[in-house]
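A structural walkthrough
What follows is each chain in one-letter form.
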Amino acid sequence: MPYLTALLNNNKQWSSRVKEEDPLFFERLEAIQKPDYLWIGCSDSRVPANQIVDLARTKAVQYAWDHGQTLGVHGWVYSIHDGLINDLNVTASSRESVDEIYHLHQTSRGNRPHANN
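Everything in this summary refers to the structure shown in the same document. What you see is a predicted model, and the numbers here were worked out from it, not measured in a lab.

Overview of the pattern of salt bridges
- Scanning the entire structure with this criterion turns up two salt bridges.
- One salt bridge in this structure joins D22 and R28, with 2.4 Å as the shortest N-O distance.
- In this structure, D66 and R95 form a salt bridge, with 2.8 Å as the shortest nitrogen-oxygen distance. Linking D66 in helix α4 (residues 59-66) with R95 in helix α5 (residues 95-109), this pair joins segments that are 29 residues apart in sequence.

Looking at α4
- Those residues of α4 lying buried are V61, Q62, A64 and W65. Seen along its axis, α4 keeps its buried residues to an arc of 160°; they face one direction. For α4, exposure combined with an orientation more than 90 degrees from the buried face picks out K59 and A60.
- Following α4 by one or two positions, G68 adopts a phi angle in the positive range, close to 75°.

Remarks on helix α1 (residues 2-21)
- Between its first and last C-alpha atoms α1 spans 29 Å; for 20 residues at 1.5 Å apiece the expected length is 28 Å, and the two agree.
- Regarding α1, the residues found buried are L4, N11, S15 and V18. Taken end-on, α1 shows its buried residues confined to a sector of 65°, consistent with a single buried face. Looking at α1, the residues exposed on the side facing more than 90 degrees away from the buried face are P2, Y3, E20 and E21.
- Here the buried face of α1 lies against α2 (25-32), β1 (73-78) and β2 (85-92).

Observations concerning the pairing of β1
- Examined bridge by bridge, β1 and β2 share five bridges and lie antiparallel to one another. Within the sheet, the bridge partner assigned to V77 lies in β2 and is N86.
- In this structure, the hairpin formed by β1 and β2 is closed by a connection of six residues, where G83 is found at a positive phi of approximately 75°.

What to know about the nonpolar core
- Counting seven residues, the largest nonpolar core is built from L55, A56, V61, W65, V73, A92 and V98.
- Residues contacting W65, with those up to four places away along its chain left out, are A56, L71, A92, S93, S94, R95 and V98.

Quick word on unusual backbone geometry
- Positive phi outside glycine occurs at N89, with the angle close to 55°.
- Summarising the element assignment, N89 is placed in strand β2.

Section: the packing of aromatic side chains
- All told, the structure shown has two aromatic pairs when counted by the stated rule.
- Ring centres of W14 and F26 lie 5.8 Å apart, and the angle between their planes is 80°; on these two criteria the pair is classed as edge-to-face. Of the two residues, W14 is situated in helix α1 and F26 in helix α2; the sequence distance between them amounts to twelve residues.
- Overall, the relative accessible area of 31% leaves W14 in the partly exposed class.
- We classify F26 as buried; its relative accessible area is 3%.
- Residues F25 and F26 carry aromatic rings whose centres are separated by 5.0 Å and whose planes lie at 85° to one another, so their mutual orientation is edge-to-face.
- Among the residues examined, F25 registers a relative accessible area of 30% and is labelled partly exposed.
- One aromatic cluster is present, built from ring pairs that chain together W14, F25 and F26.

Parameters and conventions
- Residues numbered from 1 in each chain as written.
- Predicted model: local features only at pLDDT ≥ 70, side-chain atom pairs only at ≥ 80, totals over all residues.
- Heavy atoms only, no water.
- Salt bridge = Lys/Arg side-chain N within 4 Å of Asp/Glu carboxyl O.
- Helix = DSSP H or I, 4+ residues; strand = E, 2+ residues; numbered from the N terminus.
- Buried < 20%, exposed > 50% of the residue type's maximum accessible area, 1.4 Å probe, protein only.
- Arc of directions from axis to C-beta.
- Expected span 1.5 Å × (residues − 1).
- Contact = heavy atoms within 4.5 Å.
- Pairing = 2+ DSSP bridges.
- Core = buried A, V, L, I, M, F, W, Y, C linked by side-chain atoms within 4.5 Å.
- Phe/Tyr/Trp six-rings, centres within 6.5 Å; stacked < 30°, edge-to-face > 60°.

This is the structure:
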């Protein structure tokens, strides 16, 4: 997926520019912000933050897959520490892949992804 590679490369370049202009920027940011979760949004602004956790199970995504549309839901986390996006190596691109991801997670942790364990 070349467009994702370009997006991640742009993020790295942005982080590097910020550090060059203000070497302590991310240290200050990290010191004042300590959220348990930081929702930075979704490519579809119609999806509220509380639904992002189960985004791949929404009717809109399931409908797209059922009708042969290419759509991927990627798991990424933004780090306040360095301003970089970290790929969680989780991508759902079909109903089956969602079931597999949830099965692997439930098997390894015995709960749903948003549980506090």
